[in-house]
Amino acid sequence: MVSSFETTTFPTLRTPSGDLPPGSPAWNPQRPSAMPHHRYQPAHAKVALPLTDRTWPSRTLERAPLWVPVDLRDGNQALAEPMDTERKRRLFGLLVTMGYKEIEVGYPSASQTDFDFVRHLARSGAVPDDVTVVVFTAARDDLIDRTIASIEGLPRVVVHLYTATAPTWRDVVLGRSRAEVHELIHAAAAYLVRRAEERSGADIRFQFSPEVFNLTEPDFVLEVCDSLTELWDASPDRPVIHNLPATVEIATPNVYADQIEYMDRHLARRDSVILSVHPHNDRGTGVACAELAVLAGAQRVEGCLFGNGERTGNVDLVTLALNLYAQGVNPMIDFSDLDAVRDVVEHCNRLPVHQRHPYGGSLVHTAFSGTHQDAIAKGMAHHAKRAAEMGVPAGEAPWAVPYLPIDPADIGRTYEEVIRINSQSGKGGVAHLLHTHHGLDLPQAMRPDVSRVVQQVTDATGLELSDKDLWELFRTTYIAPAEDGAVTLASWTTAETEPGEHRFTCILRVGEQERSCEGVGNGPLAALTDALRAVGIAVDILGFTEHATGVGLGSHAVAYAECRVNGLLRWGSGWDTSVLTASVNAVMAAVNRAGAA
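Rules and cut-offs
Residues numbered from 1 in each chain as written. Predicted model: local features only at pLDDT ≥ 70, side-chain atom pairs only at ≥ 80, totals over all residues. Heavy atoms only, no water. UniProt positions renumbered as here; feature names shortened; annotations may be inferred. Helix = DSSP H or I, 4+ residues; strand = E, 2+ residues; numbered from the N terminus. Rg over C-alpha atoms; globule rule 2.2 N^0.38 Å. Buried < 20%, exposed > 50% of the residue type's maximum accessible area, 1.4 Å probe, protein only. Contact = heavy atoms within 4.5 Å. Areas by Shrake-Rupley, 256 points an atom, 1.4 Å probe, with all protein chains shown as cover. Lys, Arg positive; Asp, Glu negative; His and termini not counted. Charge placed at Lys NZ, Arg CZ, Asp CG, Glu CD. Arc of directions from axis to C-beta. Domains from an automatic or database assignment. Pairing = 2+ DSSP bridges. Axes fitted to C-alpha atoms, helices over the stretch in contact; angles between N-to-C directions. Phe/Tyr/Trp six-rings, centres within 6.5 Å; stacked < 30°, edge-to-face > 60°. Lys NZ or Arg CZ within 6 Å of the ring centre and 35° of its normal.

- As annotated in an unreviewed UniProt entry, the protein chain carries the name 2-isopropylmalate synthase and comes from Actinokineospora iranica.
- Per its UniProt entry, the protein chain bears the Function (unreviewed entry) comment "Catalyzes the condensation of the acetyl group of acetyl-CoA with 3-methyl-2-oxobutanoate (2-ketoisovalerate) to form 3-carboxy-3-hydroxy-4-methylpentanoate (2-isopropylmalate)."
- Checking UniProt for the protein chain, the heading Pathway (unreviewed entry) contains the comment "Amino-acid biosynthesis; L-leucine biosynthesis; L-leucine from 3-methyl-2-oxobutanoate: step 1/4."

Okay, here's the thing in structure tokens:
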């Protein structure tokens with residue numbers, strides 16, 4: 001039977017209905033879509049992929065590459081409202097503070113704003129002695145002239161020259177043959193050398209990017225890069241940078257890794273070349289491309305904080321570095337206050353960072369699911385216990401908490417956002433928040449009861465409950481009935497009349513009536529239940545715990561009582577500076593929750 005939902009809700013979609021592909025297993029009934037997939041080619045049909053004896057899969061990442069943020073150039077080009085000097089300066093200051101030592105600061109021949117910012121850096125003394133700025137230029141003499149003019153007064157600069165080299169770009173965009181493109185690049189690189197030599201005393205190094213490297217014939221990239229290595233007289237102490245961009249992602253990350261390893265093996269004067277990569281994220285695999293490229297021999301990675309950039313963005317330097325950190329590798333960059341980093345980036349880019357963005361999103365360390373919350377709460381308790389046993393602060397103990405690949409505290413997060421409560425949450429998360437924020441240590445047997453109360457509210461409202469909401473719900477449900485229920489104690493006293501015998505004397509208010517009652521038992525609570533029998537309320541205390549919620553004379557005690565009241569099981573809680581009063585109130589709360597009057 002076909003429902004009306006299937007046929008009318010999405011009128012522009014066509015449910016796949018072609019014949020099953022040959023060899024399809026019985027468990028996979030997916031049918032071919034009518035979308036014209038035949039218009040597109042796989043990577044191996046677009047570019048030669050000569051590497052067959054790859055070695056990168058057996059390697060491990062053991063150190064951070066040189067990170068080069070391009071937020072101020074490539075990221076800035078992707079903004080609807082490009083950054084002005086004030087925003088660029090703020091972001092530059094953040095990058096320096098975080099520890100980046102090579103920063104691409106602009107495309108000075110592309111706009112007056114970029115030119116002015118480079119001049120601002122040169123005049124203001126904002127560039128520390130150990131930081132190198134990178135400026136970007138196309139391979140044209142007039143643009144190179146403008147670029148050289150912008151860097152006057154900067155002591156250490158990398159001039160980044162680029163030209164597209166892929167066949168489609170050569171044919172469609174440049175209208176030049178392979179040989180003509182090589183000649184264009186070589187002539188521009190030679191002109192750049194002549195202009196740089198005019199800046200006596202300045203430390204100017206060179207970088208070349210064969211744009212769309214990943215769609216360019218490998219032998220052509222080698223031909224061009226090797227000729228520039230020779231032209232620029234690269235040496236181990238003054239290496240050139242060859243930056244190999246996945247300008248538009250076209251294949252799975254392993255293909256890019258193969259391309260990088262091929263270049264790593266075949267580049268001339270390899271010890272005089274810094275092999276750099278610049279992955280984009282068109283397939284959503286930019287991070288994987290960068291990680292595999294480093295395994296394959298890349299020494300330098302260009303990207304943006306949180307992955308800003310054209311189309312789907314540049315590779316995310318935050319994710320890359322913290323992925324290393326999670327493997328026990330020093331990222332060489334400070335992310336200890338990641339929320340502050342995010343705030344600056346959002347201000348400068350005027351773009352939000354998604355709440356689920358790896359590491360940086362506001363919800364990435366938050367668990368709503370009950371099973372996740374329970375595992376996290378138990379894991380954090382175990383972590384604290386292990387740290388105490390080792391005699392070290394919790395922030396220095398080895399980290400192994402379920403669902404949290406790194407300690408949120410390491411990147412400046414508190415544990416408040418780790419567990420949050422909505423209709424998907426469970427007893428572990430509720431208990432964790434009440435303990436963390438209000439000092440309640442709910443008995444294990446009570447937690448399902450509290451969780452049901454919370455679930456009823458979240459199901460009815462569809463809303464998330466804060467820790468304050470949870471406390472108020474707990475107070476009104478389990479504590480307040482002792483004083484505002486139908487059966488209350490107008491006054492009471494208790495005394496040990498002889499060893500092992502306690503007397504409880506009270507004035508019990510039942511509705512509008514008051515009665516004097518008295519009971520005897522082997523403890524104050526047993527005597528209380530004996531007194532309640534006098535008015536026809538049968539109470540058996542099945543479980544009882546109490547604890548302090550803090551230290552000092554003014555701290556509160558909390559008590560929890562599981563009672564059978566006239567045959568009904570109910571939990572009650574008491575909260576008072578007196579342990580005894582809290583205990584009595586816990587029993588009375590359970591009585592009223594059972595509707596004993």
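Comments concerning the overall build of the protein chain
Working step 1: Each helix and strand in the protein chain was counted, giving 20 helices and 14 strands.
Working step 2: Computed over its C-alpha atoms, the radius of gyration of the protein chain comes to 34 Å, more than 25% above the 25 Å expected for a compact globule of 597 residues.
Working step 3: Considered along the principal axes of its C-alpha atoms, the protein chain spans approximately 105 × 70 × 45 Å.
Working step 4: Counting only residues that meet the buried cut, the protein chain has 49% of its 597 residues in that class.
Working step 5: By sequence separation, contacts in the protein chain at least 24 residues apart represent 66% of the contacts at least 6 residues apart.
Working step 6: Total accessible area on the protein chain stands at roughly 28000 Å², and carbon and sulfur atoms take up 52% of it.
Working step 7: Charge centroids of the protein chain, computed over 52 positive and 75 negative side chains, lie 3 Å from each other.

Here we look at helix 6 (residues 141-150)
The α-helix advances 3.6 residues per turn, and as a result positions three or four apart in sequence lie on the same side.
Working step 1: Along helix 6, the residues classified as buried are L143, I144, T147, I148 and S150. Buried residues of helix 6 fall within an arc of 155° about the axis and therefore sit on the same side.
Working step 2: Turning to helix 6, the residues buried within the fold contact helix 5 (112-124), strand 3 (132-138), strand 4 (156-164) and helix 8 (178-197).

Details of the domain arrangement of the protein chain
Working step 1: Split into domains, the protein chain comes out as domain 1 (59-349), domain 2 (370-411) and domain 3 (480-594).
Working step 2: Measuring from the centre of the C-alpha atoms in domain 1 to the corresponding centre in domain 3 gives 72 Å.

Thoughts on the UniProt feature "binding site: Mg(2+)" (unreviewed entry) in the protein chain
Working step 1: Those places that UniProt annotates as "binding site: Mg(2+)" (unreviewed entry) correspond, in this numbering, to D74, H278, H280 and N314. Maximum C-alpha separation among the annotated residues is 10.7 Å over a sequence range of 241 residues, consistent with a single clustered spot.
Working step 2: You can call H280 buried: its relative accessible area is 5%.
Working step 3: Discounting residues that sit within four places of it in the chain, H280 has contacts with D74, A246, T247, E249, G286, E310, R311, G313 and N314.

Comments concerning the sheet that holds strand 12 (residues 539-548)
In a beta sheet, neighbouring strands are held together by backbone hydrogen bonds and run either parallel or antiparallel to one another.
Working step 1: Reading across from one edge, 12-13-14 is the order of the three strands in this open sheet, with antiparallel pairing throughout. Each edge of the open sheet carries a strand with a single partner, namely strand 12 and strand 14 (568-576). Adjacent strand axes in the sheet meet at a mean angle of 15° when their direction is disregarded.
Working step 2: Pairing of strand 13 (residues 557-565) with strand 14 involves nine bridges; the strand directions are antiparallel. Pairing of V558 across the sheet is with W575, part of strand 14.

Here's the deal with the sheet that holds strand 11 (residues 513-521)
Working step 1: Taken in spatial order, the three strands of this open sheet run 9-10-11, and their pairing is antiparallel. Edge positions in the open sheet fall to strand 9 (487-498) and strand 11, since each of these has one partner strand only. The average undirected angle you get between the axes of adjacent strands in this sheet is 15°.
Working step 2: Bridge count between strand 10 (residues 501-510) and strand 11: nine bridges; the pairing is antiparallel. What sits directly across from L508, in strand 11, is R515.
Working step 3: Packed onto the sheet, helix 19 (residues 524-533) meets strand 9, strand 10 and strand 11 and runs at close to 135° relative to strand 11.
Working step 4: Contacting strand 9 and strand 10, helix 20 (residues 579-593) crosses the sheet at an angle of about 130° to strand 9.

Some remarks on the pairing of strand 9
Working step 1: The pairing of strand 9 with strand 10 spans ten bridges and is antiparallel. Bridging from a neighbouring strand, E498 pairs with E501 of strand 10.
Working step 2: Between the antiparallel neighbours strand 9 and strand 10 lie two residues, among them G500 with a positive phi of about 80°.

Observations regarding the packing of aromatic side chains
Centre-to-centre distance and the angle between the planes together describe a pair of aromatic rings.
Working step 1: Tallying each qualifying case throughout the model produces ten aromatic pairs.
Working step 2: Ring geometry for W471 and W575: centres 5.0 Å apart, planes at 55°, overall tilted. Residue W471 is found in helix 17 (residues 467-479), and its partner W575 is found in strand 14; the two are separated by 104 residues along the sequence.
Working step 3: Residue classification places W471 among the buried residues on the basis of a relative accessible area of 17%.
Working step 4: Ring centres of W492 and F504 lie 5.4 Å apart, and the angle between their planes is 10°; this geometry places the pair in the stacked category. Of this pair, W492 sits in strand 9 while F504 sits in strand 10, and the two are twelve residues apart along the sequence.
Working step 5: Judged by relative accessible area, W492 falls into the partly exposed class, the value being 25%.
Working step 6: On the basis of relative accessible area, F504 is assigned to the buried category, the value being 0%.
Working step 7: A network of ring pairs unites the aromatic residues W471, F474, Y478 and W575 as a single cluster.
Working step 8: Positioned above the aromatic ring of F136 is the side chain of R73, whose terminal nitrogen or guanidinium carbon lies 3.6 Å from the ring centre.

Looking at the environment of A594
Working step 1: Summarising the element assignment, A594 is placed in the segment after helix 20.
Working step 2: Classification of A594 by relative accessible area gives buried; the value is 12%.
Working step 3: For the pair A594 and R39, spaced 555 residues apart in sequence, the C-alpha to C-alpha distance is 70 Å.

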